[in-house]
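Structural characterization, general
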Amino acid sequence: MRKALSFLRTNQKLLLQITISFLFVGLGIYFLRHEEAEVHKVIAALGQADEKWVLLGVGLLALFVVVQGFMYVYSFRAIGERIGLGTAAALYLKRNLISVFLPAGLLTNLFFFNEELKKKEGVSQTQTYLASSIFSVCSILSSLIVGLPALLWLLLKSQLSGEIAISIFFALGAIGLLIVGVRSLVKKGRVYRFIQKKAPPFAEVIDQLGSGQFHSRAFWTVVGLSFVIEVIGIAHLFISMEALGSGATFQAAIIGYAIVLLLLMSSPFLRGLGAVEVALTYALTQFGFSTIQAVSVAMLFRFFEFWSLLVMGVGVFVVQRGRLLVRVLPAVLLFGLGVVNILSALTPAVPERLRLLSEYLPMAAVHVSTYFVLFSGILMLGVGAYLLRGLRNAWLMAVALSALSLFTHLTKGIDYEEAILALVVLASLLYERKQYFIKNDLRLAKWSIFPGFVAVGGVLLFGTLGFLFMDEKHFNTDFSLWQSFQEAFTTFFLLNIDLKPITTFGKEFLYGMNFLGGATLVYLGFLLLRPLVRRPSSEEDDRFRAQALVEKYGHSPLDYFKTYSDKTFWFSADGEGFVAFKTSRSYAIVLEMPVCRDEAAMIQLIPAFERWCNQNGLRTAWYRIPEKSKSVFEEMGKKLLPIGEDGTVNLDTFTLQGSDKKALRNVLNRMEKEGFTFHTYDPPQRDGFLQQLKAVSEEWLKDTGRDELVFSQGLFDEKELKPHPIFTIENQEGKIAGFVNIIPNYVPGEANFDLMRKTEDAPNGVMDFLFVHMFLRLKEQGFHHCNIGMVPMSGIDDPGNVQERIIKLAYERMRQFSHYKSLRFFKEKFEPEWQMMYLVYGAPFDLVYLPGALERVMESIS
């Protein structure tokens, strides 16, 4: 139960996104099923659309893409950069395509196609990020100004008269709020501080607005172009009405388009598929359109504003043959097949084909095939997003669903057109099969899938008992036990076509079983797709082997933590080297460099470990790689992200002399006058003394609101501390006010410590006092250097790409990272030598998932 609750807490955003998206899709399916009798009329209406208006809509579509391209062009000009219109338009189409499967906006702008732009146009990734932020800000701004007043007007339409006056009133209100917000931003008031805290990238754009490097005319051009995009959207809706001869009005077009905008902004992925169609249809019926007319207009509008753009995006991928194509194309094709399946299942079969099919198959088989097509289509929409992550389970399910679609399209109505599409999708999945190697741990998968089977069994048992004890009047049938199970089974899978309830209660029971069946199948599908990391086990003998190799070949301050109890080990073929790592999500996250004989052995060991991970369905990430070692990974084509600087104090030159050390001398004098003293405790440590340290540690954790972290550091463990030297600072009564523990460091002549903790009531300067005396004592013991650890996110003075820019912004401006600045300030007092540390990863996609994976590997094992 605790694991289940933990999973819900850590994945609540993902689950919410999936739920909302499938809710949107389900809403659309329910609406079309409800209006099933009218679907063929909608198809007929679309077939009779006025070609002139449709061609005009296609022409506007081309203009739409060009204007989006110009938005990017002028977004870059706003920061003094230039890119070509063709490059800009292609960038928009590709990002638009990707945003169907991932959250839109800054996320897609941030991680995709930046390097490609750098190669083509010579624009740095940092500048690309800033320009993309401007693009996003302007798009959201115009959407809100157009969408919000119109939606409020629609909600009040049935209660208030004077619609135009109300619309103008709300528009003026929105503009007034906008003016107040802009003034606050200019004066860096509350709105600016809120944005600075919650969204530093937007704060950076605002800062650029006030700098001399920012070209305001270009920025306002982007704003103007963004409003042109909204005008084109309104025109597309108006054209859709005219093309279908539905009595177009600009009022209906504006209100309908505003609703579309707000739904697009609220949809996490799949771009409001289902909900947009339903909401737009409802809005149009409020203006006197019949249901058939409204549905037809909505479908044609979505062709202009959604489907055509997706096709164009796929075309750009195919033409440019980018690296991302092999990961994106199968997911896009599967998404398209899913939509085709849903529409095919909801539209009537061709009568001639159906008559031919009925000569060979009973109609019950045809109905079953139709429902399988429908639900395979729903599942495909979700599986497509998982395909982008390279999950083997998602690939297997996609293959199975595509093969099932190929067969059932033929058995539901000889729909060979859809079957051909299913065959193309199946072929693309098989061709790109090597891209999907992230595997599940079978033991975890068995444990994880069990709740799904329990849910299925529970619903079937509920349905069986329900039908068995149901009063005969509700279905005009007295069900036997076997009949009850059959009805529960077919109702669960939404296959029960012939069962007709007589009473309201019977209908509600049947709908309830349909809902429970659909929800359980979606839950089961999620459990099947959920990535469960393969967790190789390490025996205690492996730990002893690793410790022996560290003693033999150790060369790093972090080597001590490589044999910590939370680590898993991979040994080289000759047994003379190992990698220490932890698995999280679908990643093997390695702590620093391998431990091995020499650099030549290391160069061979790293690719061997990468191959082993690939064979076992794991992606790799290397954490805290020092500056001096990054060339090894650069030659392998890996990507590096600076994550902070590691400090080392030169004990030979450390001194308290000089004006710059006056503050430290004052602290030492004050602490000595107050009766504080420095103490050294050599191992082994007494149990009673360790209990005193534990009290200090727990008080520190409570005071700082932190939890124990591991992986690249230790936690308070009496067994680990017992063999370590410990330095303390104590008051006149002998109460411990702070302590550090010295751990092995395998760099010759260099000392290292792990925990640095103090009591809540310790006076200011207590850690300064402790560290100064620690350095002096270590110097007396013959050490020449002391490693003082890494300060995360610090030291990025001149960011070279978008990721570095984000880290720098977060470090400098976000309150939740302010303690890193305090830590840097504290360590700077001792004039350390700094060395940048890196996170090494394989592809831009990794940065979407690695933060969560790193957070998990650092969680305490206690």
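Everything below is about the structure shown above.
Now for a quick tour of the structure. This one's a predicted model, so the numbers in the text were calculated from it and none came from an experiment.

Within the protein chain, the regular secondary structure consists of 34 helices and eleven strands. In the protein chain, buried positions account for 53% of the 862 residues.

In globular proteins that are soluble, nonpolar side chains generally tend to be buried together. By size, the foremost hydrophobic cluster in this structure holds 59 residues, and its most contacted members are Tyr72, Leu237, Met241 and Leu284. Of all the secondary-structure elements, those providing two or more residues to this core are α4 (51-77), α5 (85-98), α8 (125-156), α12 (216-243), α13 (250-266), α14 (275-285) and α15 (291-320). Counting residues per element, this core draws most heavily on α12, which supplies 13 residues. Tyr564, Leu715, Ile743 and Met790 belong to the second-largest nonpolar core, a separate cluster that totals 36 residues.

Among the five residues of strand β7 (residues 726-730), five are classified as buried, and the element is accordingly described as predominantly covered. Neither face of β7 is left uncovered, since the one carrying Ile726, Thr728 and Glu730 and the one carrying Phe727 and Ile729 both have all their residues buried. Both strand β6 (residues 677-681) and β7 contribute to a ladder of five bridges, which runs antiparallel. Within the sheet, the bridge partner assigned to Thr680 lies in β7 and is Phe727. Note that β7 and strand β8 (residues 736-743) share five bridges and pair antiparallel. Following the sheet pairing, Glu730 is matched in β8 by Ile736. Linking two consecutive strands that pair antiparallel, namely β7 and β8, is a turn of five residues; a positive phi of about 85° is found at Gly734 within it.

What follows covers the side chain of Ser308. Looking at the element boundaries, Ser308 is found in helix α15. Its relative accessible area of 8% is what places Ser308 among the buried residues. Those residues within four positions of Ser308 in sequence are excluded, and the remaining contacts are Leu61 and Phe303.

Below, the discussion takes up the environment of Ala422. Topologically, Ala422 is positioned in helix α20 (residues 416-431). When neighbours within four sequence positions are excluded, Ala422 is seen to be in contact with Leu337, Ser402, Ser405 and Leu406.

Before going further, it helps to spend a moment on unusual backbone geometry. Of the consecutive residues Pro683 and Pro684, the connecting peptide bond is found in the cis state with omega at -5°. Tracing the sequence through the fold places Pro684 in the loop between β6 and α29 (687-704). The phi dihedral of Glu592 falls on the positive side, at around 55°, and the residue is not glycine. Inspection of the secondary structure assignment puts Glu592 in the loop between β3 (587-591) and α26 (599-615). In this model, Phe711 sits at a positive phi of 80°, which is unusual for a non-glycine residue.

On to helix α25 (residues 540-553), then. Compared with the 20 Å implied by 1.5 Å per residue over 14 residues, the 20 Å span of α25 between its first and last C-alpha is a close match. Residues Asp542, Arg543, Ala546, Leu549, Val550 and Tyr553 constitute the buried set of α25. Buried residues of α25, seen end-on, are gathered within an arc of 125° and therefore sit on one face of the element. The outward face of α25, more than 90 degrees from its buried face, is lined by the exposed residues Asp541, Glu551 and Lys552.

To continue, consider a nonpolar patch on the surface. Together, Leu63, Val66, Phe70 and Leu85 make up a nonpolar patch on the protein surface, roughly 280 Å² of accessible area in all. Here the element with the most residues in the nonpolar patch is α4; it accounts for three residues. Inspection of the secondary structure puts Val66 in helix α4. Looking at Val66, the relative accessible area reads 33%, which means it is partly exposed.

Among the secondary structure elements, His409 is positioned in helix α19 (residues 392-413). His409 gets classed as buried once you look at its relative accessible area, which sits at 0%. A distance of 2.6 Å separates the side chain of His409 from the side chain of Asn341, its partner in a polar contact.

Put simply, α4 and α5 touch, their axes get as near as 8 Å, and they point 105° apart. One way to sum up the angle between α4 and α5 is to call them roughly perpendicular. On the side of α4, the interface is formed by Phe64, Val65, Val66, Gln68, Gly69, Phe70, Tyr72 and Val73, while α5 contributes Leu85, Ala88, Ala89, Leu91, Tyr92, Leu93 and Arg95. In the contact of α4 with α5, the residues fall into twelve nonpolar, two polar and one charged.

Another aspect to go through is the packing of aromatic side chains. The full count for this structure, using the stated rule, is 35 aromatic pairs. Each ring, one from Tyr72 and one from Phe135, has its centre 4.0 Å from the other, and the planes form 10°; the classification is stacked. Linking Tyr72 in helix α4 with Phe135 in helix α8, this pair joins segments that are 63 residues apart in sequence. When the ring of Tyr257 is compared with that of Phe301, the centres are 6.3 Å apart and the planes differ by 80°; the resulting orientation is edge-to-face. In this pair, Tyr257 is assigned in helix α13 and Phe301 in helix α15, connecting sequence segments 44 residues apart.

Remark on secondary structure: sheet strands pair via backbone hydrogen bonds, oriented parallel or antiparallel. Taken in spatial order, the eleven strands make up an open sheet running β1-β2-β3-β4-β11-β5-β10-β9-β8-β7-β6, and their pairing is mixed. Taken across any chain shown, the strands that pair with only one partner, and hence form the sheet edges, are β1 (568-571) and β6. The average undirected angle you get between the axes of adjacent strands in this sheet is 30°. As paired strands, strand β4 (residues 619-626) and strand β11 (residues 833-841) are joined by four bridges and run antiparallel to one another. Paired with Trp622 across the strands is Val840, a residue of β11.

Counting buried residues along strand β5 (residues 639-650), twelve of its twelve residues qualify, which places the element largely inside the surrounding structure. Note: β5 against β11, nine bridges, orientation antiparallel. If you follow Leu640 over to β11, its bridge partner there is Val840.

Turning next to the pattern of salt bridges. Throughout the structure, instances matching the rule amount to 22 salt bridges. A salt bridge links Lys661 to Glu831, with the shortest nitrogen-to-oxygen separation between them at 3.0 Å. In this pair, Lys661 is assigned in the loop between β5 and α28 (662-673) and Glu831 in the loop between α33 (818-828) and β11, connecting sequence segments 170 residues apart. Residue classification places Lys661 among the buried residues on the basis of a relative accessible area of 4%. Judged by relative accessible area, Glu831 falls into the partly exposed class, the value being 47%.

Next up on the list: the packing of α28 against helix α31 (residues 766-780). Here α28 crosses α31 at 100°, and the two axes come no closer than 9 Å. Viewed along their axes, α28 and α31 adopt a mutual orientation that is roughly perpendicular. Mapping the contact onto sequence places Leu664, Val667, Leu668, Met671 and Glu672 in α28 and Val766, Asp768, Phe769, Val772 and His773 in α31. Split into classes, the residues belonging to the contact of α28 with α31 amount to seven nonpolar, one polar and two charged.

Parameters at a glance
- Residues numbered from 1 in each chain as written.
- Predicted model: local features only at pLDDT ≥ 70, side-chain atom pairs only at ≥ 80, totals over all residues.
- Heavy atoms only, no water.
- Helix = DSSP H or I, 4+ residues; strand = E, 2+ residues; numbered from the N terminus.
- Buried < 20%, exposed > 50% of the residue type's maximum accessible area, 1.4 Å probe, protein only.
- Core = buried A, V, L, I, M, F, W, Y, C linked by side-chain atoms within 4.5 Å.
- Pairing = 2+ DSSP bridges.
- Contact = heavy atoms within 4.5 Å.
- Expected span 1.5 Å × (residues − 1).
- Arc of directions from axis to C-beta.
- Patch = residues over 30% accessible without salt bridge, like charges linked within 9 Å, V, L, I, M, F, W, Y side chains within 5 Å.
- Areas by Shrake-Rupley, 256 points an atom, 1.4 Å probe, with all protein chains shown as cover.
- Salt bridge = Lys/Arg side-chain N within 4 Å of Asp/Glu carboxyl O.
- Polar contact = N/O pair within 3.5 Å; in protein donor to acceptor, adjacent residues only side chain to side chain.
- Axes fitted to C-alpha atoms, helices over the stretch in contact; angles between N-to-C directions.
- Parallel < 35°, antiparallel > 145°, perpendicular 65-115°, else oblique.
- Nonpolar A, V, L, I, M, F, W, Y, C, P; charged D, E, K, R; others polar.
- Phe/Tyr/Trp six-rings, centres within 6.5 Å; stacked < 30°, edge-to-face > 60°.

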